[in-house]
Amino acid sequence: MSKMHVKLTVNGKQVEGLAEPRTLLIHFLREDLKITGPHIGCETSHCGACTVDIDGKSVKSCTTFVAQVNGADIATVEGLTNDDGSLGVLQEMFREHHGLQCGFCTPGMITRAHRLLQENPNPTEEDIRFGMSGNLCRCTGYQNIVKAIAASADMLNAQKEAAE
Ligand code: FES
Ligand code: FES
């Protein structure tokens, strides 16, 4: 099958490559770009382990052809660290509140939570549970993920206030 030339910005860097029209974004990220944080947990678009941020939206990259997002600005969990390489707020809070066990859902969870907190900087527990409902976890029972996201919201709001 003939390949298309695709250009993307991924975690702030310009990347390009050749992809068949049928190539899923998750496979392009993992196999061509070797960005292996986003995972594959299903074939039915439920689990959200493949969630990335595309042009300001949470998207399941198993349900997107790379050809559809040519030119897009994409962030994965690898791009959510601080500029000095230390853990970002969400990453740190997932660690502190034990919001992960096997870690397989975590890149998708954190990438989704990143967008959720931009959509709603002051979420209630219900908002967090609903806002994260596209992401499945088989290990944690979700409770500590909710705590980690609530703590991240508090910390991000405090940082914003301090900067004003
Ligand atoms: S791999 Fe399960 S929703 Fe994408
Ligand atoms: S930590 Fe194992 S699936 Fe969520």
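Residues numbered from 1 in each chain as written. Chains lettered and ligands numbered in written order. Predicted model: local features only at pLDDT ≥ 70, side-chain atom pairs only at ≥ 80, totals over all residues. Heavy atoms only, no water.

## Some details on the packing of helix 3 (residues 106–119) against helix 5 (residues 143–163)
Running from N to C, helix 3 and helix 5 point in directions that differ by 45°, and their axes come no closer than 11 Å. Here helix 5 runs oblique to helix 3, going by the angle between their axes. Seen from above, helix 3 lies across helix 5 with right-handed handedness. For the pair formed by helix 3 and helix 5, the contact residues are Met109, Ala113 and Leu117 on the first element and Ile145, Ile149, Ser152, Ala153 and Leu156 on the second. Its residues assigned to classes, the contact of helix 3 with helix 5 shows 7 nonpolar, 1 polar and no charged. (Axes fitted to C-alpha atoms, helices over the stretch in contact; angles between N-to-C directions. Helix = DSSP H or I, 4+ residues; strand = E, 2+ residues; numbered from the N terminus. Parallel < 35°, antiparallel > 145°, perpendicular 65-115°, else oblique. Left-handed = near helix turned anticlockwise from the far one by under 90°. Contact = heavy atoms within 4.5 Å. Nonpolar A, V, L, I, M, F, W, Y, C, P; charged D, E, K, R; others polar.)

## Focus: the domain arrangement of the protein
For the protein, the assigned domains are domain 1 (4–79) and domain 2 (81–163). Look at where the C-alpha atoms of domain 1 and domain 2 centre, and you get two points 21 Å apart. Taken together, the contacts link 21 residues of domain 1 with 14 residues of domain 2. Across the interface of domain 1 and domain 2, roughly 1200 Å² is buried in total on both sides, 53% from carbon and sulfur atoms. Asp53 is the partner of Arg115 in a salt bridge, and the nearest nitrogen-oxygen pair spans 2.8 Å. Connecting domain 1 to domain 2 are 10 residue pairs in polar contact (both at pLDDT 80 or more). Elements with a contribution of two residues or more to the side of domain 1 that touches domain 2: strand 3 (51–54) and strand 4 (57–60). Here the residues of the side of domain 1 that touches domain 2 sort into 7 nonpolar, 10 polar and 4 charged. (Domains from an automatic or database assignment. Buried area = accessible area lost by both parts, 1.4 Å probe. Salt bridge = Lys/Arg side-chain N within 4 Å of Asp/Glu carboxyl O. Polar contact = N/O pair within 3.5 Å; in protein donor to acceptor, adjacent residues only side chain to side chain.)

## Focus on helix 5
Spanning 21 residues, helix 5 covers 31 Å between terminal C-alpha atoms, matching the ideal 30 Å at 1.5 Å per step. Its buried side turned inward, helix 5 meets helix 2 (89–96), helix 3 and helix 4 (125–131). (Expected span 1.5 Å × (residues − 1).)

## What about the sheet that holds strand 3?
Sheet architecture is open: 5 strands sit in the order 2-1-5-3-4, paired in mixed fashion. Here the strands that pair on one side only, and so sit at the sheet edges, are strand 2 (13–19) and strand 4. Averaged over all adjacent pairs, the angle separating strand axes in this sheet is 40°, with direction ignored. Judged from the 4 bridges that link them, strand 3 and strand 4 form a sheet pairing that is antiparallel. Bridge pairing in strand 4 links Asp53 to Ser58. (Pairing = 2+ DSSP bridges.)

## Concerning the pairing of strand 3
Judged by which residues are buried, strand 3 turns out to be covered on both faces: Thr51 and Asp53 on one side and Val52 and Ile54 on the other are all buried. The turn linking strand 3 back onto strand 4 is made up of 2 residues, and Asp55 within it adopts a positive phi angle of 45°. (Buried < 20%, exposed > 50% of the residue type's maximum accessible area, 1.4 Å probe, protein only.)

## Quick look at helix 1 (residues 25–32)
Those residues of helix 1 that sit buried are Leu25, Ile26, Phe28 and Leu29. If you follow the buried residues of helix 1, they end up packed against strand 1 (4–10), strand 2, strand 3 and strand 5 (73–75). Of the residues trailing helix 1, Lys34 is marked for its positive phi of about 60°.

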